[in-house]
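What follows is each chain in one-letter form.
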Protein chains: 2
Amino acid sequence: MPNNTPSLKFAYHHGDLPKQTLDLALKTLRELGDAAISLRALAKQLGVSAPALYRHFSDRDTLLAELAIGGFEALTDRLGAVDQTTPRTALIEIGLVYVKFAQEEPNLYRLMFGGRVLPLGAHPRLDAAGKRAFTVLENTVSNARQLGYLKPSPVSMTTAAAWSLVHGLSQLTIDGHLPSAKAEPTLTEGVLSLLLDGARSDTRQQSQQDSNL
Amino acid sequence: MPNNTPSLKFAYHHGDLPKQTLDLALKTLRELGDAAISLRALAKQLGVSAPALYRHFSDRDTLLAELAIGGFEALTDRLGAVDQTTPRTALIEIGLVYVKFAQEEPNLYRLMFGGRVLPLGAHPRLDAAGKRAFTVLENTVSNARQLGYLKPSPVSMTTAAAWSLVHGLSQLTIDGHLPSAKAEPTLTEGVLSLLLDGARSDTRQQSQQDSNL
DNA sequence: TAACAATGTTATCGATGTTAACTTATGCCG
DNA sequence: CGGCATAAGTTAACATCGATAACATTGTTA
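Below is a summary of the structure that appears in this document. As the structure is a prediction and not an experimental result, all values here were calculated from the model.

A word on the relation of the copies chain A and chain B
Part 1 of the argument: Overlaying chain A on chain B yields an RMSD of 0.0 Å, the required transformation being a rotation through 180 degrees with an accompanying axial translation of 0.0 Å. Considering both components of the superposition, the chain copies are consistent with a two-fold axis.

Quick word on the interface of chain A and chain B
Part 1 of the argument: Counting from both sides, the interface comprises 49 residues of chain A and, opposite them, 49 residues of chain B.
Part 2 of the argument: Both sides together, the interface formed by chain A and chain B hides about 4,900 Å², and carbon and sulfur atoms give 63% of it.
Part 3 of the argument: For the chain A face of the interface with chain B, the top three residues by lost area are R116(A), K151(A) and R200(A), together amounting to 14%.
Part 4 of the argument: In this structure, the connection of chain A to chain B is made through two salt bridges.
Part 5 of the argument: The salt bridge involving R200(B) is made with D197(A); its shortest N-O contact spans 2.7 Å.
Part 6 of the argument: At the surface where chain A touches chain B, the tally comes to 19 residue pairs in polar contact (both at pLDDT 80 or more).

A closer look at the nonpolar core
Part 1 of the argument: Of all hydrophobic cores here, the largest spans 129 residues; its most connected members are W163(A) and W163(B).
Part 2 of the argument: Filtering out sequence-adjacent residues up to four positions away, W163(B) remains in contact with L172(A), H177(A), L178(A), Y98(B), F113(B), F134(B), L137(B) and G168(B).

Section: the packing of aromatic side chains
All names here are of chain A.
Part 1 of the argument: Taken as a whole, this structure holds ten aromatic pairs over all chains when the rule is applied.
Part 2 of the argument: Seen in terms of ring centroids, Y98 and Y109 are 5.9 Å apart; in terms of plane orientation they differ by 80 degrees. Their pairing is edge-to-face. Residue Y98 is found in helix α4 (residues 87-104), and its partner Y109 is found in helix α5 (residues 106-112); the two are separated by eleven residues along the sequence.
Part 3 of the argument: Residue class for Y109 comes out buried when judged on its relative accessible area of 0%.
Part 4 of the argument: Between F113 and W163 the ring centres are 6.3 Å apart and the planes differ by 70 degrees, which places this aromatic pair in the edge-to-face class.

Definitions and limits used
- Residues numbered from 1 in each chain as written.
- Chains lettered and ligands numbered in written order.
- Predicted model: local features only at pLDDT ≥ 70, side-chain atom pairs only at ≥ 80, totals over all residues.
- Heavy atoms only, no water.
- Least-squares fit on C-alpha atoms with pLDDT ≥ 70 in both.
- Contact = heavy atoms within 4.5 Å.
- Buried area = accessible area lost by both parts, 1.4 Å probe.
- Salt bridge = Lys/Arg side-chain N within 4 Å of Asp/Glu carboxyl O.
- Polar contact = N/O pair within 3.5 Å; in protein donor to acceptor, adjacent residues only side chain to side chain.
- Core = buried A, V, L, I, M, F, W, Y, C linked by side-chain atoms within 4.5 Å.
- Buried < 20%, exposed > 50% of the residue type's maximum accessible area, 1.4 Å probe, protein only.
- Phe/Tyr/Trp six-rings, centres within 6.5 Å; stacked < 30°, edge-to-face > 60°.
- Helix = DSSP H or I, 4+ residues; strand = E, 2+ residues; numbered from the N terminus.

Right under this line is the structure:
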């Protein structure tokens, strides 16, 4: 007798094991970190033998990569939803959204940018997902520069500075080296403003070779 | 009969196993990353049984913590050696030295700031070593501010911005997301200058609430 | 020299990732 | 409708790892 959802791929023995595996892995990641993700433990909780998971994930690392891809997609969505009407607010808001994502999903963010696991080049789909998130930030910077809001520095350099700032702030806050937004709500915006306006006290349009040290 | 080096701690069966263990672990870390550090493998290479290492390191994590402590001490030394005569060059140089360290010791740097392993609070001596490195940077910022070179923003905020920038740039370059100093020699200094001078094109002394957007 | 602590050893436990070989369910196709 | 290829699961097994317990040996010292 046919199922009520005809075109949907049938649940085999289990009910859509791949998705349930990813869901449980994501839950474990959020609560305990990636080191706590064990294929055997996942399988046991899903009522399935451990090698069953290998029918759907060739490797533990590719399962982790799948989680990271989902993270980059979520981040890309959030960054893409930022209001882009004025350059400054767009830049600030992009930074705020970025740091907020990291602080809301610290273990996922660490997995996405761990470096130790999931090195660049090993999982092409993951690399592509990361690049898409980066492009949103780059486009925002590029747009602000074309509108004359930013200095005519190379886009790559301004983007590198912006990304480094938000990434570093994210890492340092979720690791407890700097106060997170809950303890210091104005920190992120203040730091972003410093990059835009300059940390130096006397800021006319000049560069360092004018040497008024 | 006394040994020729009287005050030196005696080599037991092995010749200073703790130090040799740390040396080999550091070598392994540099070449293969922290995930490749296995107590059993270390012991085998040292010609010793695995549980022997537990006489000197209560845990695998404390061995890793010891490596990270050494890393922070090396970083602190390098940061402390920076010339502090003029605020701007001191700030720039601190950043250059910081990023250079990360790029020269990527696996060690990742261990020091991994977050996954060695979370803050688990190894007090490690936390203290990290704090000492941070203090060098903080003092440099604080000094530059007192000399009037930096805006009168709170020191904590300016320091957070500076640390976030160099830490983020370090992470992103050693993970391959941004070009390293070898591929783009001017990137680090350019990014640092952006923070000092501001990324915005029109930079008079004003803050964002002046609203000339 | 006898007690004692420091430093090793072997044996063992429990957990992990992964592969091989086998079994069963499912959907397609003649 | 029946057989068959294959997708999806099973058990068994291997290698490795961190860690502990129980025991042996070496060096120090009262």
